[in-house]
Amino acid sequence: MWPEYQMVLLPQNNTISNNLFYRPSGGKTIDTIAQDTAAPLNKFTFLPNILEKNMLDSSMTLVNGLYRPGANSPAVNAAAGSYVTDDMDGQARNDGNNDVGADEASSANVTRKPLTAQDVGPLWMR
């Protein structure tokens, strides 16, 4: 039995920045960034949350099972702030011109890689 009143912790002081969205076949990417007026989220305010430099990129290329920004991507050198110091491959984001998204265009050595289904889970499922 649930108690009559439940405590809900609402998000605050979040930064949602420099995300890259790939939408090859149309449709909505982000529905709204407006204040939700329905309870219980009517108490959530976007400030001091930050929503900036999130972008749609149709020039993504599939490389080893992952979508990465293409050579002419608007994401290259377009990030706001320096919230993350390295990318998904462990390459540094330290040139002052960070890229939007998880991958930084770089010729630096790869020090880690995103996990695949072959890397995780029980052996009998591989």
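First, a word on scope: everything that follows refers to the structure included in this document.

Considering the pattern of salt bridges
Opposite charge on two side chains permits pairing when their charged atoms draw close.
For step 1, the next point in the chain: Inspection of every chain in the model, using the stated rule, returns five salt bridges.
For step 2, the next point in the chain: With a closest N to O distance of 2.9 Å, Asp103 and Arg68 form a salt bridge. With Asp103 in the segment after strand 6 (66-68) and Arg68 in strand 6, the pair connects residues that are 35 residues apart, well separated along the chain.
For step 3, the next point in the chain: Look at Asp103 and you get buried, because its relative accessible area is 11%.
For step 4, the next point in the chain: Looking at Arg68, the relative accessible area reads 15%, which means it is buried.
For step 5, the next point in the chain: Of the charged contacts, one joins Lys113 and Asp119 as a salt bridge, the two residues approaching to 3.0 Å between their closest N and O atoms.
For step 6, the next point in the chain: With a relative accessible area of 32%, Asp119 lands in the partly exposed category.
For step 7, the next point in the chain: Members of the salt-bridge network, linked through shared partners, are Arg68, Asp89 and Asp103.

Concerning unusual backbone geometry
For step 1, the next point in the chain: One non-glycine residue with positive phi stands out, namely Asn18, at about 60°.
For step 2, the next point in the chain: A positive phi angle, near 60°, is found at Asn77, a position not held by glycine.
For step 3, the next point in the chain: Accessibility expressed as a relative area gives 44% for Asn77, which makes it partly exposed.

What to know about the environment of Ser73
For step 1, the next point in the chain: Among the structural elements, Ser73 can be located in the segment after strand 6.
For step 2, the next point in the chain: Separated by 27 residues in the primary sequence, Ser73 and Val100 have C-alpha atoms spaced 9.7 Å apart.
For step 3, the next point in the chain: Setting aside its immediate chain neighbours within four residues, Ser73 contacts Asp57 and Ser59.
For step 4, the next point in the chain: Within polar-contact distance, the side chain of Ser73 engages the backbone nitrogen of Ala75 at 3.0 Å.

Conventions used here
Residues numbered from 1 in each chain as written. Predicted model: local features only at pLDDT ≥ 70, side-chain atom pairs only at ≥ 80, totals over all residues. Heavy atoms only, no water. Salt bridge = Lys/Arg side-chain N within 4 Å of Asp/Glu carboxyl O. Helix = DSSP H or I, 4+ residues; strand = E, 2+ residues; numbered from the N terminus. Buried < 20%, exposed > 50% of the residue type's maximum accessible area, 1.4 Å probe, protein only. Contact = heavy atoms within 4.5 Å. Polar contact = N/O pair within 3.5 Å; in protein donor to acceptor, adjacent residues only side chain to side chain.

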